[in-house]
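# An overview of the molecular structure
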Amino acid sequence: MLSEFMPRLGYSAISALSIIVILLIVRMSDMPMADIRINVVTVLSYAVAAMVSHVAADIVSYIVVGFSTQRVLAWQGSFNFILAIVVTGLSFAYIDSLTPGNTIVVGNVDDGGIVQMWIIALVLACVVAAITASFERSSGKRRRLAEIDNWCASANQSISCRNLKRKSNSREIFMDQFVRLSDNSEHSPELAVCDMVYAHRIDSGRMSISYCVGNKTCRMAFDGTIPELMHAFERYKQVAQCHKDYVVNIDRIVCAKRDDDGHCVLRLRGTKHVIPVAERYSGDLYRLLADENHVPL
């Protein structure tokens, strides 16, 4: 939890810095409110309110929805963003209510100044939260790309070790290790485990599998689902799911890399098609790649 909240404290500092810059710009402008009322105490009060509000919003988000810094664009992030605006706006309005006439929000209470106070406070909160969110999104993207690069580097090291073991092992994969791909009919296709390259989901009830026959790569469609396919290959640890729509033979992985869109993909021996790796499956896939006890027979 501590490692997750440390960057959040940095974002709260960005919120404080944002409100300082905004108030200084207002103070230096020719706006009606840009007079002596925006002093050092006012600026610091708003900055502290922005920082405390941001931390409070993060804590509430974590308690309610388990907010994660890696899910900035998910609904957890949206909840945090909205909550930060509300809490920050309340803090700004509270400061204004303590010292009427001496803060950035101006207006006579009898002439609707209270409404004006809340509106301006929420507008300021929106601006501050938006600035912080832009930094957060950029930082989260860089962190995610670094995680993918680290994962690919570690995976490639394991892949190299596995390939060396394969070359040094004089034993061959037994060619009679066949599996039935589907139980939906009496004529369900069978496939040698060593021939499989990858499989992917066509639709809810159809699968396509790529396999090698000699130096030729073929493709076959059949009725079935990924859970059914994984059940058929459950005895063979080299067959693993790497994405909600893809299953791969890890003995055919050549390398892992990050593509131009910032996603982790696999290159396989026997196909030019790159296979995506989803974060949900990356941990299990890496453990299989790093399994020192698994050497193809």
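Okay, so let's go over this structure. (Residues numbered from 1 in each chain as written. Predicted model: local features only at pLDDT ≥ 70, side-chain atom pairs only at ≥ 80, totals over all residues. Heavy atoms only, no water.)

### What to know about the overall build of the protein chain
Per the secondary structure count, the protein chain includes six helices and 10 strands. The 297 residues of the protein chain split such that 42% are buried. Taking the contacts inside the protein chain whose residues are at least 6 apart along the sequence as the reference set, 58% of them involve residues at least 24 apart. Of the roughly 16600 Å² of accessible surface on the protein chain, 60% is carried by carbon and sulfur atoms. (Helix = DSSP H or I, 4+ residues; strand = E, 2+ residues; numbered from the N terminus. Buried < 20%, exposed > 50% of the residue type's maximum accessible area, 1.4 Å probe, protein only. Contact = heavy atoms within 4.5 Å. Areas by Shrake-Rupley, 256 points an atom, 1.4 Å probe, with all protein chains shown as cover.)

### Section: the side chain of R252
Structurally, the position occupied by R252 is in the loop between β7 (246-249) and β8 (253-258). For the buried R252, which has no salt bridge, the nearest side chain bearing the opposite charge is D195, at an N-O separation of 4.9 Å. Among residues more than four places away in sequence, those in contact with R252 are C194, D195, M196, V197, C212, R267, L268 and R269. (Lys, Arg positive; Asp, Glu negative; His and termini not counted. Salt bridge = Lys/Arg side-chain N within 4 Å of Asp/Glu carboxyl O.)

### Section: the pattern of salt bridges
In this structure the tally under the stated criterion is six salt bridges. Linking R201 and D245 is a salt bridge whose minimum nitrogen-to-oxygen distance equals 2.8 Å. Note that R201 is positioned in strand β3 (residues 196-203) and D245 in the loop between β6 (239-243) and β7, a separation of 44 residues in sequence. By relative accessible area, which is 15% here, D245 ends up buried.

### As for the sheet that holds strand β10 (residues 274-276)
For sheets, the rule is that strands pair by backbone hydrogen bonds, running either parallel or antiparallel. Spatially, the three strands line up as an open sheet ordered β8-β9-β10, and their pairing is antiparallel. What marks the edges here is a single partner per strand, and that holds for β8 and β10. Recorded for the sheet is a direction-independent mean angle of 30° between the axes of neighbouring strands. Pairing between β8 and strand β9 (residues 264-268): five bridges, direction antiparallel. Its bridge partner lying in β9, K257 is registered against V265. (Pairing = 2+ DSSP bridges. Axes fitted to C-alpha atoms, helices over the stretch in contact; angles between N-to-C directions.)

### Examining helix α2 (residues 40-65)
For α2, which comprises 26 residues, the first-to-last C-alpha distance of 37 Å matches the rise-based estimate of 38 Å (1.5 Å per residue) to within 8%. Residues of α2 that are buried: T42, V43, Y46, A47, A49, A50, S53, H54, A57, D58, S61 and V65. (Expected span 1.5 Å × (residues − 1).)

### Brief notes about the side chain of S18
Relative to the elements of secondary structure, S18 occurs in helix α1 (residues 2-28). Not counting the four nearest positions on each side in its chain, S18 is found in contact with V128 and I131.

### Considering helix α6 (residues 279-289)
Taken as a whole, α6 has its buried residues at Y281, S282, L285 and L289. Along the axis of α6, the buried positions cluster into a sector of 115°, meaning they face one direction only. Seen from the buried face of α6, the exposed residues on the opposite side, beyond 90 degrees, are R280 and R287. (Arc of directions from axis to C-beta.)

### Structural notes on the nonpolar core
W151, V248, L266, L268, I275 and L285 are the most contacted members of the largest nonpolar core, which totals 22 residues. Only α4 (113-168), β3, β6, β7, β8, β9 and α6 provide two or more residues apiece to this core. Setting aside residues no more than four positions away along its own chain, W151 makes contact with A256, C264, V277, S282, L285 and Y286. Of all hydrophobic cores here, the second largest spans 19 residues; its members include A93, I95, I120 and V128. (Core = buried A, V, L, I, M, F, W, Y, C linked by side-chain atoms within 4.5 Å.)

### Here we look at the packing of aromatic side chains
Considering all chains together, one arrives at two aromatic pairs under this definition. Ring geometry for Y46 against F92: centres 4.9 Å apart, planes inclined by 45°, an arrangement best described as tilted. Placement of Y46 in helix α2 and of F92 in helix α3 (residues 75-98) is noted, with a sequence separation of 46 residues between them. Under the relative-accessibility criterion, Y46 is labelled buried at 0%. (Phe/Tyr/Trp six-rings, centres within 6.5 Å; stacked < 30°, edge-to-face > 60°.)

### Looking at a nonpolar patch on the surface
Residues I59, V60, I63, V64 and F79 make up a contiguous nonpolar surface patch of roughly 440 Å² in combined accessible area. If one sorts the elements of the nonpolar patch by residue count, α2 sits on top with four residues. Among the secondary structure elements, I63 is positioned in helix α2. For I63, a relative accessible area of 66% corresponds to the exposed category. (Patch = residues over 30% accessible without salt bridge, like charges linked within 9 Å, V, L, I, M, F, W, Y side chains within 5 Å.)

### A word on the sheet that holds strand β4 (residues 206-213)
One open sheet holds the five strands; their spatial order is β5-β4-β3-β7-β6, and the pairing between them is antiparallel. Two strands lie at the open edges of the sheet, namely β5 (216-223) and β6, each paired on one side alone. Taken over all neighbouring pairs, the strand axes of this sheet differ in orientation by 25° on average, direction set aside.

### Structural notes on the pairing of β7
Side chains Y246 and V248 project from β7 onto one buried face, and the interleaved V247 and N249 project onto a second face that is buried too. When β3 meets β7, the two strands line up antiparallel, connected through three bridges. Of the residues in β7, the one forming a bridge with A199 is V247. In the sheet, β6 pairs with β7 via four bridges, with the strands oriented antiparallel. Across the sheet, H243 pairs through a bridge with Y246, a residue of β7.

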